[in-house]
Amino acid sequence: MFLRDNTVFVPVQDPNLSMVKTPMPTQAPEDRVKNYDEVALGYTPDMAAEESARCLKCPGRYCSVSCPAHTPTTEFIAQVRAGDYQAAYELISEKNALPAITGRVCAQEKQCELNCTRGIRGESVSIGRLEAFVADWHAEHGKPLPCAEPNGIPVAVAGSGPAGMACADDLSRKGFAVTLFEAKDFMGGIPVYGIPGFVLPNAVVERKLDELRRQGVETKTGVKVGTDITVAELCEKFKAVFVATGASKPVLPKIPGEDLPGVYTANDYLTAANVDGAPIAGKNVVVLGGGNTAVDAARCALRAGSESVTIVYRRSREEMPARREEIDRALEEGVTLALMAAPSEFTAEGGKLSSLVCRKTEFTGLDYPGGRRGVQATKETVVFPADVAVLALGFTAEPIPGLKTNDKGCIIVDKQTLAASEDNTYAGGDAVTGAYTLVHAMADGKKAAAIIAAQLS
C-alpha cells in the first residue's frame, strides 16, 4: 500500500485492534528506482499513535526478551502513545545506542516482532518503525542525553561500525576520552559502505557520528589496526582497547570463472554505489545470495540502469535470510528471483562474462536439528545471461595481528568479559562472531563499554 501526498490518514481510537500494521508511506516503485532517496517516508505522529495503540503491554514482554539488546519495548511504545517522545527515546537509549539505524535495518521480524503477541493472530506491532520514528523525532526536537564530566582516561575503539559506535557512545557519555579508529576513508562501517541510502541514508549514520564528536570522541580514518598501528602500540597509549573491526572478507563460490571481468564482490559493488557514487550497470545482472546484502545489490543494479536483475538463491523464498519487507520492495521495483538454483560456472565470450550456469537444487533433510532444510544439486541445469555478476554469499572476519583468532579468523574472547588475548584488550561484534546481525554487534559494543568502564573506574 502506498500512501500518496493526497491520502488522508485518520487514526482510530485506542485500543487499535487492527490485524495489520499501520502502513508505512513509501515512494512509489516507479519513482524510487530512479533515485537513492530513502524508500520509507517515515511515520507521522498520528501514524505512530495509531501503531503504538496496537501494543497489548504484555506482562511477559516477549518482544524485549527476544531483542538481542533487550530494548524496553513495551515501555517506550507506551510513551509514544502518550506523546512523550523524549521519554521514549531515553528508554530506548538505555539499551540501544543506534535506534535510528536499528529501526530501519534490524531484522525485527526474526527478533522482537517474532514473539509479539499481536502476531499470533495478524501482524505484530511494528516495533522497528516506531523506534525509527522516535529516533528521527529526537534528532529534530529532542534534548541530548546527559554526559558525565570528562575523566581524561583514554580508551581506543577500533572499527566505526555498529559495535564501535555503540561502545564509543557509552564510554564518552561516561566521561572517557575515546578515540575511534577506522581503516577506511569514511567513518560508519557497514552501515555506510554496505547498506544503500534508499534503505539507510548515510545522513542518518553521520548524524550519530556528529553526536559522538560533540560528546568528545576523536575520530581517525585511514588507520588499520593491526597493520598501520599494532594492538600492542594501542595498549601503550590507551588504558583499554576495544576491537570491533567487523567481518568484511567476502565468501566466494569457488566455481570456474569467478575471476572474470564483470564479476564483483558485494563489497566492491556496494561501495561503488554507496560511497564512490559510481554504480555499476549491466544489461543482465545476476546476484548470488539470499541475504540483505544480495537484495541491496540487486536494487542498486536497478537504480544504475540495468535492464534485468536476477537474484539467484539455492533455497526457496521462505528460506531467504533477507528481510521480508526488503524482498517485497525489490520485487515491486522489478527484481526477479531465481530460486532453487546453485551456481556452478561463469562462462565468457571475448574474455568477458557472458552467463551464469546453475544446477537446479532440491531439498533434503535439515542441515541440523532445528536448522534450515538442506539442499542438493540435481543434474538439471539453467543458464542466466549475465554481463555483470555480484557475489553476495556472506562475509568472514579477517584476523587481527597480535590477537588470537580461531580457524575462521574470528577473535577469541572470554564470553563473559569480552577480554581478548592481549591485556586490557576487548573485542566484540562480527570480529568475534563472524557476520551476524547489526543489533547483536551494537549490544556487544554496549556490553564492552560497561565492562571497560567498570575496569577503569
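Bear in mind the structure is a predicted one, so any value in this text is a computation, not a measurement. Per chain, the residues get numbers from 1 upward, laid out in the order the sequence is written. pLDDT decides what is reported in this predicted model: residues at 70 or higher carry local features, side-chain atom pairs at 80 or more are listed and counted, and totals for whole chains, interfaces and linings draw on all residues regardless. Where side-chain values are given, they derive from all heavy atoms of the structure, hydrogens and water being excluded.

A.B. asks: Honestly, the nonpolar core in this entry has me stumped. Any pointers?
C.D. replies: Note on soluble globular proteins: their nonpolar side chains tend to be buried together. Counting residues in hydrophobic clusters, the biggest one holds 116 residues, and the most contacted among them are Phe 76, Ile 101, Leu 171, Phe 242, Val 287 and Ile 411. Helix numbering and strand numbering both begin at the N terminus, where a helix is a DSSP run of H or I of at least 4 residues and a strand a DSSP run of E of at least 2. At nine residues, the largest contribution of residues to this core is made by helix α16 (residues 438-456). Whether two residues are in contact is decided by their heavy atoms: any pair within 4.5 Å suffices. Non-local contacts of Val 287, meaning those with residues more than four positions away in its chain, are made with Ala 294, Ala 297, Ala 298, Val 309, Thr 310, Ile 311, Val 312, Val 390 and Ala 392. Among buried residues, the Ala, Val, Leu, Ile, Met, Phe, Trp, Tyr and Cys ones that are joined through side-chain atoms within 4.5 Å form a nonpolar core. Exposure is judged per residue with a 1.4 Å probe applied to protein chains only, and the accessible area is read against the type maximum: over 50% gives exposed, under 20% gives buried, and values in between give partly exposed.

A.B. asks: Teacher, can you tell me more about the confidence of the model for the protein chain here?
C.D. replies: Low-pLDDT stretches of the model should not have their predicted coordinates read in fine detail. Mean pLDDT for the protein chain: 94, with 96% of residues reaching 70 or above. For every residue, the pLDDT score states the predictor's confidence, bounded by 0 at the bottom and 100 at the top. Segment residues 1-12: pLDDT under 50, and 20 contacts once partners within four positions in sequence are set aside and those in other chains are kept.

A.B. asks: Can you help me understand the sheet that holds strand β4 (residues 240-243) in this one?
C.D. replies: Strand pairs in the sheet, formed through backbone hydrogen bonds, run parallel or antiparallel to each other. Strand order in the open sheet made by the five strands is β3-β2-β1-β4-β15, with parallel pairing throughout. Looking at the sheet topology across the chains shown, the edges are occupied by β3 (218-221) and β15 (425-427). On average, each strand axis in the sheet is tilted by 20° relative to the strand beside it, whichever way the strands run. As paired elements, strand β1 (residues 154-158) and strand β2 (residues 177-182) share five bridges and run parallel to each other. Along β2, the bridge assignment pairs Ala 158 with Phe 181. For two strands to count as paired, DSSP must find a minimum of two bridges between them. Note on definitions: angles span 0 to 180 degrees between N-to-C directions of axes, and those axes are lines fitted to C-alpha atoms, for helices only across the stretch in contact.

A.B. asks: I'm lost on helix α2 (residues 45-52) in this one. Help?
C.D. replies: A turn of α-helix holds 3.6 residues, and therefore any two residues three or four places apart point the same way. Most of α2 is tucked away: six of the eight residues are buried. For α2, the full list of buried residues reads Met 47, Ala 48, Ala 49, Glu 50, Glu 51 and Ser 52. Elements in contact with the buried residues of α2: α4 (73-82) and α7 (127-141).

A.B. asks: Any chance you could explain the pattern of salt bridges here in plain terms?
C.D. replies: When the charged atoms of two side chains lie near each other, side chains of opposite charge can form a pair. The working definition used for a salt bridge is a side-chain nitrogen of Lys or Arg within 4 Å of a carboxyl oxygen of Asp or Glu. Counting across every chain of the model gives 25 salt bridges. For the salt bridge of Glu 113 with Lys 21, the shortest nitrogen-to-oxygen distance reads 2.8 Å. Within this pair, whereas Glu 113 is found in the loop between α6 (99-105) and α7, its partner Lys 21 is found in the segment before α1 (29-32), the two being separated by 92 residues in sequence. With its nearest N and O atoms 3.0 Å apart, the salt bridge here joins Asp 210 to Arg 213. You can see Asp 210 and its partner Arg 213 sitting in helix α10 (residues 202-214), three residues apart, about one turn around the helix. The partly exposed category is assigned to Asp 210, whose relative accessible area is 31%. For Arg 213, a relative accessible area of 31% translates into the label partly exposed. Members of the salt-bridge network, linked through shared partners, are Arg 32, Glu 109, Arg 129, Arg 299, Arg 303, Arg 323, Glu 325, Glu 326, Arg 329, Glu 332 and Glu 333.

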